[in-house]
Amino acid sequence: MSEAAVLDIFESFRKGMEAFFMLPEIPRPLHPKRSTVSARLVMSLRPFFPRQVAVDADLMGADILIWDDNGPLLALFWSSSYLAKERKMKAIAFHEAGKAPLTLAFSLFPDKERFLVYRIENGFIEYLHIDKNTFSEDVLRRCTIDEGKRDRDQLLLPLRQPRKRVTS
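1. Some thoughts on the environment of I125
Here is step 1 of the chain: Its place among the elements puts I125 in strand β6 (residues 124–131).
Here is step 2 of the chain: Accessibility expressed as a relative area gives 1% for I125, which makes it buried.
Here is step 3 of the chain: Filtering out sequence-adjacent residues up to four positions away, I125 remains in contact with K88, I92, Y118, R119, I120, R141, R142, C143, T144, I145 and G148.

2. Focus on the confidence of the model for the chain
Here is step 1 of the chain: When pLDDT is averaged along the chain, the result is 86, and 85% of the positions lie at 70 or above.
Here is step 2 of the chain: Predicted confidence is poor over residues 153–161, with pLDDT under 50, and the contacts of this stretch with residues over four places away or in other chains come to 17 contacts.

3. Points about the nonpolar core
Here is step 1 of the chain: In terms of nonpolar packing, the biggest core is built from 28 residues, with F13, M17, I66, L74, L76 and F106 touching the most fellow members.
Here is step 2 of the chain: Elements with a minimum of two residues in this core: α1 (3–22), α2 (34–45), β2 (62–68), β3 (71–79), β4 (102–107), β5 (114–121) and β6.
Here is step 3 of the chain: When residues of this core are assigned to their parent elements, the largest contribution, six residues, is made by α1.
Here is step 4 of the chain: F77, I92, F94 and Y127 belong to the second largest nonpolar core, which has 18 residues in total.

4. Some details on the environment of D56
Here is step 1 of the chain: On the secondary structure map, D56 appears in strand β1 (residues 54–59).
Here is step 2 of the chain: Separated by 10 residues in the primary sequence, D56 and R46 have C-alpha atoms spaced 9.0 Å apart.
Here is step 3 of the chain: When neighbours within four sequence positions are excluded, D56 is seen to be in contact with V42, D63, I64, L65 and W67.
Here is step 4 of the chain: A distance of 2.8 Å separates a polar atom in the side chain of D56 from a polar atom in the side chain of W67.

Quick notes on the rules
- All residue numbers refer to positions counted from 1 along the written sequence of the respective chain.
- This being a predicted model, a pLDDT of at least 70 is required before a residue's local features are given, and a value of 80 or more before pairs of side-chain atoms are given or counted; all residues contribute to the totals for chains, interfaces and linings.
- Just so you know, side-chain values use all the structure's heavy atoms and leave hydrogens and water out.
- Numbering goes from the N terminus for both helices and strands, where a helix is a DSSP run of H or I of at least four residues and a strand is a run of E of at least two.
- Think of it in three bands: residues with accessible area under 20% of the maximum for their type are buried, residues over 50% are exposed, and the middle band is partly exposed, with areas taken using a 1.4 Å probe on protein chains only.
- Contacts are assigned to residue pairs with any non-hydrogen atoms lying within 4.5 Å of each other.
- For every residue, the pLDDT score states the predictor's confidence, bounded by 0 at the bottom and 100 at the top.
- The criterion is simple. A nonpolar core is a set of buried Ala, Val, Leu, Ile, Met, Phe, Trp, Tyr and Cys residues joined through side-chain atoms within 4.5 Å.
- Counting of polar contacts relies on pairs of N or O atoms within 3.5 Å, with two restrictions inside protein: one atom must be capable of donating a hydrogen and the other of accepting it, and residues adjacent in sequence are counted only when both atoms are side-chain atoms.

Structure follows, in structure tokens:
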């Protein structure tokens with residue numbers, strides 16, 4: 001697949017995520033199930049891909065798979081908070097198996113202004129923060145997939161820590 005085609009796929013993902021973050025939030029007491037969030041992601045992504053492209057949840061081991069008659073185009077793995085190492089390794093393994101030319105893993109962070117994307121492509125992992133309001137991206141780091149596998153540290157957003165109560 002050409003580099004331009006992969007860039008178009010990524011741009012469609014960005015537009016779909018912009019639509020996702022414009023949806024009204026699900027009230028906190030309901031704590032949406034993973035399948036509910038995946039369905040909302042599929043619904044948000046679908047309009048930004050050509051009609052002949054399918055957007056499905058829970059297919060071939062990916063949380064969301066975007067595919068056509070020639071096979072997968074984009075595999076998505078997501079988490080509400082930081083991506084566990086197992087999820088990151090699953091995304092890398094999916095990509096290395098040649099199942100999709102572009103694999104993305106991302107952390108939604110419902111209470112934050114940014115989300116974290118791991119872009120896995122052509123032997124590299126790129127770590128991006130994307131602002132939910134402007135959709136500007138900051139490349140935090142780029143490394144080979146082998147370096148990414150050995151990564152012990154999580155790239156963190158500066159999350160505000162809850163205050164500890166001081167008792168006298």
